[in-house]
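# Examining the three-dimensional arrangement
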Amino acid sequence: MSAMRAIPSAIFRLFFQTIPLALGQIWTNKVRAILTALGIIIGTGAVITVVGGLTGMRDFVLGEFETFGARTIWLWGEVPESKRATMSWTDAKVTTYEAGLILDKAPSIDSITMQTRTSETVSFGKKTVQGVRVMGMWPAWHDIQNRDVVYGRRLSNIDVQEKRQVCLINEAAVEELNLDRDPTGDFLLVGNRRFLIIGVLETKEVSVMFGGGEARTELFIPFETSKSMNPYTWSWFMMQIREPGENEDLTDIAGDAQAELRFILRSHRGLRGEDVDTFLTEVMECNIEQFSGVAGVIGVIATVVVSISLLVGGNGIMNIMLVSVSERTREIGLRKAMGARPIVVLIQFLVEAVMRCLVGGLIGRAGGLGLVAAMRFLPEMALEATVPAWAVTLSLGFSAAVGVFFGMLPAIKAARLNPIDALRHE
């Protein structure tokens, strides 16, 4: 029963006597306390800054990946190195027939578009722009890329089948070619051909990490029209993987899609046994998964490295606490002579060490959060850096743990002092 009563008494003494006493000691020697806790301040601030920066970078990069669509998969022809002496690049090209096979026989593929790209000189009136990117595509491109028209209409299957000389342009082209805000119905000269503008697409800026940073003039024309203009241009497929069901994972569906594509094309191209594939695929979801894994590992390593400064700071806390025990030897002796038990003295010095670390941790936390906030104003990147709650909790918890670990030796030394010898100490 007496033990049960002692617990509330100990808790009361801890919160209303020991902690205020520890804070009072820190305030009395505040300059020394701050200098001593400098390692903790730097360590805590570094942990929060690194985690916040990595979180912002990860979200930024994943956001850029997402602009291409997590369900997007590309496929193009490739001549294996072992066959480059006997096989031409024309034999490796993907074809419209193969696109039809994929749509018919690959259940994991929702839609597909043939694509090709050339660089052309485009003119409107007296305005001429050289090196304009002209993309040949099928109507499914709109849904795969999630890009609809702002004015006018989409590309249609009739446009492709009849090889019409029609085009879509982006908003950057409207500005650069000095077109009207809604230029549908106007004609452009693309190379030596006259194209009717049927719609305007919203401009999609490419991030600096993908070699962009500036909006570029783009023209989109029917794939068959593009091939009639430039029969030997390289073509590829861009496809969209089907939506995952309730209990399905997109990564698994992406793996199924790759397996289906490989089986269909190998069968069609007569590849058997150990024959090397004459095509390559790339899945955006796989890139996202790989980057997430790498970012997680980098985050853990960076956090561990910067946490070393917390250990260095803890060593400084231990040294100053040993000095404090020597300075307050008579005080310790007087308390023990008046009946203070060794455990009470031990807790007092241990709490003081922990409070020094926590105060340093709180200062470091404020500095780290300030640096993370400043990252949001970085030019070009504009990182949406945020600090997860677990990072703040971890840094402060680790600071307290450092205080317990490095404060234990000085606390034990103080608790073991002989009161007679302590009172004689000068």
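Residues numbered from 1 in each chain as written. Predicted model: local features only at pLDDT ≥ 70, side-chain atom pairs only at ≥ 80, totals over all residues. Heavy atoms only, no water.

Each helix and strand in the chain was counted, giving 15 helices and 10 strands. When each of the 426 residues of the chain is scored for burial, the buried share is 45%. A fraction of 76% describes how many contacts in the chain between residues 6 or more apart in sequence connect residues 24 or more apart. As displayed, the chain has an accessible area near 22200 Å², and 59% of this comes from carbon and sulfur atoms. (Helix = DSSP H or I, 4+ residues; strand = E, 2+ residues; numbered from the N terminus. Buried < 20%, exposed > 50% of the residue type's maximum accessible area, 1.4 Å probe, protein only. Contact = heavy atoms within 4.5 Å. Areas by Shrake-Rupley, 256 points an atom, 1.4 Å probe, with all protein chains shown as cover.)

Another point: helix H5 (residues 96-105). An α-helical turn contains 3.6 residues, so any two residues separated by three or four positions project in the same direction. Glu 98, Ala 99, Leu 101 and Ile 102 are the residues of H5 that are buried. Around the axis of H5, the buried residues are gathered within 160° of arc, so they sit on the same side. Turned more than 90 degrees away from the buried face of H5 sit Tyr 97 and Asp 104, all of them exposed. Buried residues in H5 make contact with strand E2 (109-124), strand E9 (235-241) and helix H10 (250-268). (Arc of directions from axis to C-beta.)

Before going further, it helps to examine the pattern of salt bridges. Applying the stated criterion to the full structure yields 13 salt bridges. Its salt-bridge partner being Arg 154, residue Asp 148 comes within 3.2 Å of it at the nearest N-O pair. Relative accessible area serves as the criterion here: at 30%, Arg 154 is assigned to the partly exposed category. One continuous salt-bridge network, built from bridges that share partners, spans Arg 153, Asp 159, Glu 162 and Arg 164. (Salt bridge = Lys/Arg side-chain N within 4 Å of Asp/Glu carboxyl O.)

With respect to the helices, strands and loops of the structure, Gln 258 is situated in helix H10. The class of Gln 258 is partly exposed, set by a relative accessible area of 27%. In the structure, Gln 258 is positioned 24 residues away from Glu 282 in sequence and 8.7 Å away in space, judged by C-alpha atoms.

Moving on, we come to the environment of Ser 111. Within the secondary structure, Ser 111 is located in strand E2. By relative accessible area, which is 15% here, Ser 111 ends up buried.

Here we come to the environment of Ile 347. Structurally, Ile 347 is set in helix H13 (residues 342-375). Ile 347 gets classed as partly exposed once you look at its relative accessible area, which sits at 34%. Along the sequence, Ile 347 and Met 408 sit 61 residues apart, while their C-alpha atoms lie 9.2 Å from each other.

Pairing between E2 and strand E3 (residues 127-137): 8 bridges, direction antiparallel. Within E3, the position partnered with Ser 123 by the bridge is Thr 128. As consecutive antiparallel partners, E2 and E3 are separated by 2 residues, and within that stretch Gly 125 has a phi angle of approximately 65°, a positive value. Here E3 runs beside strand E8 (residues 218-222); their pairing, made up of 5 bridges, is parallel. (Pairing = 2+ DSSP bridges.)

Taken as a whole, the chain shows an average pLDDT of 78; of its residues, 74% reach a score of 70 or greater. Ignoring residues within four places in sequence, the model shows residues 1-7, a span with pLDDT below 50, making 0 contacts including any to other chains. Confidence drops under a pLDDT of 50 for residues 208-214, and excluding neighbours within four residues, the segment shows 14 contacts in the predicted structure. (pLDDT = per-residue confidence, 0-100.)

On to the nonpolar core. In this structure, Leu 75, Ile 102, Ile 109, Phe 237, Met 239 and Ile 241 are the most contacted members of the largest nonpolar core, which totals 39 residues. Per element, the largest residue contribution to this core is 7 residues, and it comes from H10. The contacts of Leu 75, once residues within four sequence positions are left out, are Val 94, Trp 236, Phe 237, Met 239, Leu 261, Leu 265, Phe 279, Leu 280 and Thr 281. Val 122, Cys 167, Ala 173 and Leu 188 belong to the second largest nonpolar core, which has 18 residues in total. (Core = buried A, V, L, I, M, F, W, Y, C linked by side-chain atoms within 4.5 Å.)

It is worth spelling out the packing of H13 against helix H14 (residues 389-415) at this point. Running from amino to carboxyl end, H13 crosses H14 at an angle of 150°, the nearest separation of the two axes being 7 Å. Viewed along their axes, H13 and H14 adopt a mutual orientation that is roughly antiparallel. Considering how the two elements wind past one another, H13 and H14 form a crossing that is right-handed. When the residues that make up the contact of H13 with H14 are grouped by side-chain class, the tally is 20 nonpolar, 4 polar and 1 charged. (Axes fitted to C-alpha atoms, helices over the stretch in contact; angles between N-to-C directions. Parallel < 35°, antiparallel > 145°, perpendicular 65-115°, else oblique. Left-handed = near helix turned anticlockwise from the far one by under 90°. Nonpolar A, V, L, I, M, F, W, Y, C, P; charged D, E, K, R; others polar.)

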